[in-house]
Amino acid sequence: MRLATKLQEWIDKREWEDKIEVDEENQRSRINFSYGINEQSFDFWFETDENKEQLELYLYFPFKIKKDKLNDFVLLLNFIHRKSSIGGFCVLPNRRIQYRHFVDVENADPSIEMISNMVGAGEDIITEWFEELALVALTSKTTREIIDDLSATSDETEEVPDSI
Amino acid sequence: MRLADKVQDWINKLDWNETVELDEENQTSELNVSLNINDQSFNLWVETDEERDWIKLYLYAPFNSLSNKYEDCIQLFNRINSKRRFGVIFLLEDGRIACRHIIDVENTEPSIEMIANMLGQATGLFENWFDEISSVALTKKTAQEIFDELDKPVTDESVPDAI
């Protein structure tokens, strides 16, 4: 399985001992382990689908959102999406926070760097916004307060085409 | 510029009479076209960045959210993002609704199919969720009402209970 092999090559290159699980029948593979970001242990999943020709990355936060902060938290995610580029966040029904990034590689031969950059992009965005995400998810700090704090200290830019 | 050329190849294959705009100095390119989805005119941007090896796709809805529906839209978009895989849908500060999908193709020769599938995912999002997005963005319908409808248990009413 070409994508599974590529995933294993990426793991081997990082000199990790892990082996991907291969599901020959469904032509899928996956790997799951704990991944350290900001001194926290994230739940890392990388999966491949040979039939759909997809690379699939999921990173789950180590904490859940407080029940009374759900609505406020998704406002923060939307704010982050305006400013970010690759992949995206969502809140699942069980209040877990998921970052995910899928790439369709139909008729292409993805490089190890492509997999590496998928993971790097997720790690970067989580690192960049970790404090704000934790504050809104776990404390009484609101998204409005976060946005006000940020606009007081920086120029607001959106990662969208300038010409619109 | 290899990525810009690939986008142009894709356009040519679609028989669109469009040409990618090149910025040789910054090694970027962009394409902006109107795209018909659900009989509405959506705004499509496809951009490339040769230095970062990025292909970027943005698809904008033809309407803005009413300002008093921003929070409802964002709640709905989280539900949509949790159900979908590729890219994200989000609300801009001025009420525009954007779907974005960016891929990094470092050391990979992207195929035309990869670009076509990026667009297919974005158009699929708006096709599948058009009613929900438009009703929450433009009417009094709330995100919670949409969730209640989506989460309603499916019952087979064609079979009488007594049977």
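Note on numbering: residues in each chain are counted from 1, in written sequence order. The lettering of chains begins at A and the numbering of ligands begins at 1, in the order of writing. It should be noted that, the model being predicted, local features are given only for residues of pLDDT at least 70 and side-chain atom pairs only at 80 or more, the latter also being counted only at that level, while totals for whole chains, interfaces and linings use all residues.

Draft legend 1. Structural context of the overall build of chain A. The helix and strand labels rest on DSSP assignments: H or I over at least four residues marks a helix, E over at least two residues marks a strand, and numbering proceeds from the N terminus. Along its length, chain A carries 4 helices and 6 strands. Along the first, second and third principal axes, the C-alpha atoms of chain A reach 50 × 40 × 30 Å. Exposure in this text rests on C-beta crowding, where 20 or more other C-beta atoms within 10 Å of a residue's own make it buried, 12 or fewer make it exposed, and counts in between make it partly exposed. The C-beta atoms are placed from the backbone. Each of the 164 residues in chain A was classed as buried or not, and the buried ones make up 37%. Taking the contacts inside chain A whose residues are at least 6 apart along the sequence as the reference set, 55% of them involve residues at least 24 apart. Placing C-beta atoms from the backbone, we regard two residues as in contact once those atoms come within 7 Å.

Draft legend 2. Geometry of helix α2 (residues 70–83) of chain B. Look at α2(B): 20 Å from first C-alpha to last across 14 residues, which is about the 20 Å you get at 1.5 Å a residue. Residues of α2(B) that are buried sit in contact with α2 (70–83) and β5 (88–91) of chain A together with β5 (88–91), α3 (112–138) and α4 (143–151) of chain B. By this rule, a helix spans an expected 1.5 Å times one less than how many residues it contains.

Draft legend 3. Representation of the nonpolar core within the structure. One finds A:Phe73, A:Leu76, B:Val7 and B:Ile97 to be the most contacted residues of the largest nonpolar core, which totals 78 residues. In contact with B:Ile97, other than residues within four places in its own chain, are B:Tyr60, B:Ala61, B:Ser65, B:Ile89, B:Leu91, B:Ile133 and B:Ala137. Take the buried Ala, Val, Leu, Ile, Met, Phe, Trp, Tyr and Cys residues, join any whose C-beta atoms are within 7 Å, and the set you get is a nonpolar core.

Draft legend 4. How the structure looks around the packing of α2(B) against α4(B). Residues and elements named next belong to chain B. Here an axis means a line fitted to C-alpha atoms, over the contact stretch when the element is a helix, while the angle between two N-to-C directions is reported on a 0 to 180 degree scale. For the pair α2 and α4, the least separation of the axes is 8 Å and the interaxial angle reads 30 degrees. By the angle between their axes, α2 is roughly parallel relative to α4. Facing Asp72, Gln75, Leu76 and Arg79 of α2, the residues of α4 in contact are Ala143, Ile146 and Phe147. For the contact of α2 with α4, the per-class residue count stands at 4 nonpolar, 1 polar and 2 charged. Note on angle classes: values under 35 degrees are labelled roughly parallel, values over 145 roughly antiparallel, values of 65 to 115 roughly perpendicular, and the remainder oblique. In this count, Pro and Cys sit with the nonpolar residues alongside Ala, Val, Leu, Ile, Met, Phe, Trp and Tyr, while Asp, Glu, Lys and Arg are called charged and the others, Gly among them, polar.

Draft legend 5. Representation of the sheet that holds strand β1 (residues 21–23) of chain A. Residue and element names in this part refer to chain A. DSSP calls a pair of strands paired once it identifies at least 2 bridges connecting them. In space, the 6 strands of this open sheet follow the order β1-β2-β3-β4-β6-β5, with antiparallel pairing throughout. This sheet does not close on itself; its edge strands, each paired only once, are β1 and β5. With direction set aside, neighbouring strand axes in the sheet form an average angle of 25 degrees.

Draft legend 6. Main features of the interface of chain A and chain B. Listed by partner, the interface residues are 31 residues for chain A and 33 residues for chain B. Residue assignment for the side of chain A that touches chain B shows that the elements contributing at least two residues are α2, β5, β6 (96–104) and α3 (112–138) of chain A. Here the residues of the side of chain A that touches chain B are counted per class, giving 16 nonpolar, 8 polar and 7 charged.

Draft legend 7. Summary view of the sheet that holds strand β4 (residues 54–64) of chain B. Residue and element names in this part refer to chain B. Reading across from one edge, β1-β2-β3-β4-β6-β5 is the order of the 6 strands in this open sheet, with antiparallel pairing throughout. A single partner strand is all that each edge strand has here, and the edge strands are β1 (21–23) and β5. The average angle at which neighbouring strand axes cross in this sheet is 20 degrees, direction not considered. As paired strands, strand β3 (residues 40–49) and β4 are joined by 7 bridges and run antiparallel to one another. Paired with Val46 across the bridge in β4 is Leu57.

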